[in-house]
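Report on the structure
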Amino acid sequence: LMIRRPPRSTPKPSSAASDVYKRQKNDCPYCQKVCKLFDALEVNYVVYKLNEHFSKKAFYNEFGEGSTFPQVTIGARRIGGSKETVTYLKENGLV
């Protein structure tokens, strides 16, 4: 996997070294499920939170108007939401 540089509107935490980035909002059950799955698989990932690390406008600029949470990227590749993330992990033999 290649390191994905976060967009300028999303500052990368200085202590994080990861290829997997997840944008989420608080109190999102799908976001929490993806975090639990990544934790179970021991995936090193970075979480960016709405209104803490990015704005809704920046989110829509990057992922498109109407995009839902979470949005997962691996390297430079956009994986998508929770359903797409599980599909990707299954297709790549990680689940």
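This text follows the structure it describes.
Described below are features of the structure shown in this document. Because the structure is predicted, anything quoted here is derived from the model rather than measured. Each residue is numbered by its place in its chain's sequence as written, counting from 1. Where totals are concerned, whole chains, interfaces and linings use all residues; where local detail is concerned, this predicted model gives features only for residues with pLDDT of at least 70, and gives and counts side-chain atom pairs only at 80 or more. Side-chain measures were taken over the full set of non-hydrogen atoms in the model, leaving aside hydrogen atoms and water.

This paragraph deals with the packing of aromatic side chains. For this analysis, a ring pair means two rings from Phe, Tyr or Trp (six-membered ring only for Trp) whose centres lie within 6.5 Å, classed as stacked if their planes differ by under 30 degrees, edge-to-face if by over 60, and tilted for the remaining angles. Inspection of the entire model under this criterion finds seven aromatic pairs. For the pair Tyr-21 and Tyr-48, a centre-to-centre distance of 5.8 Å together with 15 degrees between the ring planes defines the contact as stacked. With Tyr-21 in strand β1 (residues 20-24) and Tyr-48 in strand β2 (residues 45-49), this pair connects stretches of sequence that are 27 residues apart. Using a 1.4 Å probe on the protein chains alone, a residue whose accessible area is under 20% of its type maximum counts as buried, one over 50% counts as exposed, and one in between counts as partly exposed. Under the relative-accessibility criterion, Tyr-21 is labelled buried at 0%. A ring pair is formed by Phe-54 and Phe-59, whose centres lie 5.8 Å apart and whose planes are at 25 degrees; its orientation type is stacked. By relative accessible area, Phe-54 is classed as buried at 5%. Only runs of H or I of at least four residues qualify as helices and only runs of E of at least two qualify as strands under DSSP, and these elements are numbered from the N terminus.

We now examine unusual backbone geometry. With an omega dihedral of -5 degrees, the bond running from Phe-69 to Pro-70 counts as a cis peptide bond. Here Pro-70 lies in the loop between α2 (56-63) and β3 (71-74). With a phi angle near 60 degrees, Asp-27 is a residue other than glycine that sits in the positive phi range. Mapped onto the secondary structure, Asp-27 falls in the loop between β1 and α1 (29-40). On the basis of relative accessibility, which here comes to 74%, the residue Asp-27 falls in the exposed class.

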